[in-house]
There are 2 protein chains.
Amino acid sequence: MLPVMSTEDRKRREREAREALFIERAHERIREDGLLGLQMSKLAADCEYATGTLYQHFESREDLLAAVAARTTRERAGRFRAIPGLALGTRSRMLAIVLTDIDFAANNPDYYRLTQYLVTEVVWANVSAPRRADLLEAGRPISEAVHAVVAEARDQGDLPPAREISEEEMGLGPWALNVGMQSLANAQGLLDAYDIHRPYDHLIRHFHALMTGWRWEPRLDPDDPSVVRGETERVRAVLRSAGIGVEPPERGRTTAE
Amino acid sequence: MLPVMSTEDRKRREREAREALFIERAHERIREDGLLGLQMSKLAADCEYATGTLYQHFESREDLLAAVAARTTRERAGRFRAIPGLALGTRSRMLAIVLTDIDFAANNPDYYRLTQYLVTEVVWANVSAPRRADLLEAGRPISEAVHAVVAEARDQGDLPPAREISEEEMGLGPWALNVGMQSLANAQGLLDAYDIHRPYDHLIRHFHALMTGWRWEPRLDPDDPSVVRGETERVRAVLRSAGIGVEPPERGRTTAE
DNA sequence: TGTGGGCTTGAATCGGGTTCAAAAAGCGGA
DNA sequence: TCCGCTTTTTGAACCCGATTCAAGCCCACA
C-alpha cells in the first residue's frame, strides 16, 4: 500500500530468501560431503552468487555453520513443544523428551557433529554475537518443555517439592546425561574399546536410575529390562500417534521446503 | 654391552627425547596461546628444528594434538589408580572418581578443550591409527578403576547383583553425566542463558541421584544439601591425604617439570 | 535519460599446513 | 683418516581455501 516503502521491503525479502538459500544449500553440502565438503566459494557458486555476496550474510565460515545449526535447532526444538501436553504421566513425559532427542540425533547425525564442532572454543570464537544469541534462542522451547514437565510433576506430587533445586537445574541432569552419551557414542571406536554396545539403551536405563534417584514417581527399576522396554515402547507409541515420533530406522527427511 | 646395537639404541632414545620435547612445547603453546596459537612451523622453530623434522614424528597437526592429549591423559589416568584402594565405602570411592575428574578438568581447562576438539569427526579423521590407539589406551586405568569399584560393590552387596548390566555399562552412567556436564559447562554462555550456576555442584547431586536410583548403598538424598556437601568434603579430605586431591580453588599447577 | 550510492563480483591476497629436492650428517669399511 | 653410501634434516616452495576489496554494475529517483 505504501509504494515508498515497498521497494525497500522487497529488497529485504529478497535478501532473506537468499540467506535461506545459502543456509539450505550449505546444509545439503554438509549432509552429503561432511563438514569439510563445505567450501565458501563452491557454495557461493552452487547458489550462483559470487563469493563476496556470501560474505554479505555471514561474517565467516563459522558464522554460516552457526546459522545452519540454528535452523536445524529450530526444527528440533519444535518437536518438544507438544510434549508437555501429552496424555502421559509426568515421568513418562520426561522420558518422552529424552526419546525425542535420541531419535532426532539418530536421524540427523550431521546435526549432532555440527553442534559438537561449533561449541568447540576455536570455532565458537569466530561466530558473531547475534548468531550465537540466535542459536541459544532457538533451543529455548526445549528448556521450556522441561520446565513445564518438572513444574507439573512437583505440583502433582510426583516429584518431592524442591528444597534447593530449580526446574532448570533438575532438567540439567538428563540433559547432561544425553549430551554426554551422544559424545561418547560418537567418538569413533571409544565405546567399542570398552566393549559397550547400544549406548542409547544404556542412556535410557541410566535416565530411569536418575529419575528414580530423585524420587520421581512412579519409580521404576532401571535394571528390569522388560519394564524399561515396555515403558519405552508405550511412550514411543504415544509420540508416534502425536506425530512427534519417528518411524523407526527410516531416515526421516528434513528438507523444510 | 653390544656396541653394534648401541648406536641404533642411542638414536631411538634421541628420537624419543625429541618427540617428548615437541609434545611438551606444543602443550605449553596451547596452554599459553590456545589451540590457534599452535603453528607447526613456529613450534618447530621454537624447538630449533626445521618444519620437516616435526613431520617425521607427527603425520599432521591433528596427530600432534592427539599426542599432546595422550600425554596429559596418561597423567590424568594415573590419578585414578589409587582410588580403588582408598579406605572408603564403595559408593564413596565412586564419588572419589567423579571428584577427581572434576578437579582435573577444573585445573586443566585447556586439556578439556583439546579433547573436545579432538573427538570432533573432522579432526579425529586426521589422527593416525597408532596415535588413536595410544590415546584410547592412555585412558584405560580410569575404566579399570571404575570396574574395580563396581565389582567390589556388587561383591559386598552395596549394589544389587547385575541382571543385565556389566561393570563398564554401570560406569557409563556417571561417565556420560560427567562428560555431558563438562560440555555444557564449557559452552560459552549456554548455562548462563538458563540461569544455571555452579554446574559441578549439580553434577555431584545428579551423580548421587543416579547412584541412589541404582540402589547403591548407602543411599543418599541428592536434595539434602548438607548431607551432599558433607559427603563431598569427607571424600575430598581422603583424596587429599592420599595425595590425589587438589588444593581447593587454588589453581593447581600442572607443569610436570 | 542521467546519476550517485549501494550491491555484486571474482581475481588477488593471505595464512598456514604440508611437501620434497637439495644439503648435511652419520655410518661402516678401507 | 678418507670415501662412498644411506639416512636425516632442512626450509623454501607449493597448495588450498578463507577472506578481502577495487572495479564495474544496477536500480531508484529526479
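Here we summarise the structure given alongside this text.

1. Side note on the overall build of chain A
A tally of regular secondary structure across chain A gives 13 helices and 0 strands. In terms of overall dimensions, chain A has a C-alpha envelope of 60 × 55 × 35 Å along the principal axes. Across the 257 residues of chain A, 52% fall into the buried class. In chain A, once contacts between residues fewer than 6 apart in sequence are set aside, the share between residues at least 24 apart is 70%. Carbon together with sulfur atoms contributes 50% to the accessible area of chain A, which is approximately 12,000 Å² in total. Positive and negative side-chain charges of chain A, numbering 34 and 41 respectively, have mean locations separated by a distance of 2 Å.

2. Structural notes on the relation of the copies chain B and chain A
The transform that puts chain B on chain A rotates by 180 degrees and translates by 0.0 Å along the axis, for an RMSD of 0.1 Å. Here the transformation between the copies is reduced to the relation of a two-fold axis. Taken as a fraction of all interface residues of chain B, those also at the interface in chain A reach 100%, which identifies the copy contact as same-surface.

3. Observations concerning the packing of aromatic side chains
Overall, the coordinates contain 8 aromatic pairs over all chains when judged by the stated rule. Taken together, a centroid distance of 6.5 Å and an interplanar angle of 70 degrees make the contact between F22 of chain A and F58 of chain A edge-to-face. Within this pair, whereas F22 of chain A is found in helix 1 (residues 3-33), its partner F58 of chain A is found in the loop between helix 3 (51-57) and helix 4 (61-78), the two being separated by 36 residues in sequence. The same class applies to F22 of chain A and to F58 of chain A, which are both buried. Summarising the aromatic geometry, the rings of W175 of chain A and Y194 of chain B are spaced 5.7 Å apart at their centres and angled 80 degrees between planes, so their arrangement reads as edge-to-face. Here W175 of chain A is found in helix 10 (residues 167-186), whereas its partner Y194 of chain B is found in the loop between helix 11 (190-193) and helix 12 (199-213) on a different chain.

4. Section: the pattern of salt bridges
All names here are of chain A. Under the defined criterion, the tally for this structure stands at 43 salt bridges over all chains. Measuring nitrogen to oxygen at the nearest pair gives 2.3 Å for the salt bridge that ties E24 to R71. Placement of E24 in helix 1 and of R71 in helix 4 is noted, with a sequence separation of 47 residues between them. E24 sits in the buried class, given a relative accessible area of 9%.

5. Some points on the environment of A193 of chain B
For A193 of chain B, the position within the fold is in helix 11. C-alpha separation for the pair A193 of chain B and G157 of chain B, spaced 36 residues apart in sequence, amounts to 43 Å. When residues no more than four places from it in sequence are discounted, the contact partners of A193 of chain B are L136 and R140 of chain A.

6. Some points on unusual backbone geometry
The omega torsion across E217 of chain A and P218 of chain A is -5 degrees, close enough to zero to call that bond cis. Position of P218 of chain A relative to the elements: it lies in the loop between helix 12 (199-213) and helix 13 (225-241). Despite not being glycine, D195 of chain B shows a phi value in the positive range, around 60 degrees. Here D195 of chain B shows up in the loop between helix 11 and helix 12.

7. Concerning the protein's contact with DNA strand D
Taken together, 16 residues are adjacent to DNA strand D, and R10, Y55 and R61 of chain A together with R18 and T53 of chain B come closest. Close to the protein, within 4 Å, the atoms of DNA strand D belong to sugar or phosphate groups at a rate of 76%. Q39 of chain A places a side-chain nitrogen or oxygen 3.4 Å from a phosphate oxygen of DNA strand D. At a separation of 3.4 Å, a base oxygen of DNA strand D approaches a polar backbone atom of G52 of chain B. The set of elements that each furnish at least two residues to the surface near DNA strand D consists of helix 1 and helix 3 of chain A together with helix 3 (51-57) of chain B. Tallied by class, residues from the surface near DNA strand D come to 5 nonpolar, 8 polar and 3 charged.

8. With respect to the side chain of R131 of chain B
Residues and elements named next belong to chain B. Inspection of the secondary structure assignment puts R131 in helix 8 (residues 129-138). On the accessibility criterion, R131 (13% relative accessible area) is buried. Aside from chain neighbours lying at most four places away, what touches R131 is E19, H57, F58, D63, A66 and A67.

Rules used in this analysis
- Residues numbered from 1 in each chain as written.
- Chains lettered and ligands numbered in written order.
- Predicted model: local features only at pLDDT ≥ 70, side-chain atom pairs only at ≥ 80, totals over all residues.
- Heavy atoms only, no water.
- Helix = DSSP H or I, 4+ residues; strand = E, 2+ residues; numbered from the N terminus.
- Buried < 20%, exposed > 50% of the residue type's maximum accessible area, 1.4 Å probe, protein only.
- Contact = heavy atoms within 4.5 Å.
- Areas by Shrake-Rupley, 256 points an atom, 1.4 Å probe, with all protein chains shown as cover.
- Lys, Arg positive; Asp, Glu negative; His and termini not counted.
- Charge placed at Lys NZ, Arg CZ, Asp CG, Glu CD.
- Least-squares fit on C-alpha atoms with pLDDT ≥ 70 in both.
- Phe/Tyr/Trp six-rings, centres within 6.5 Å; stacked < 30°, edge-to-face > 60°.
- Salt bridge = Lys/Arg side-chain N within 4 Å of Asp/Glu carboxyl O.
- Near = heavy atom within 4 Å.
- Polar contact = N/O pair within 3.5 Å; in protein donor to acceptor, adjacent residues only side chain to side chain.
- Nonpolar A, V, L, I, M, F, W, Y, C, P; charged D, E, K, R; others polar.

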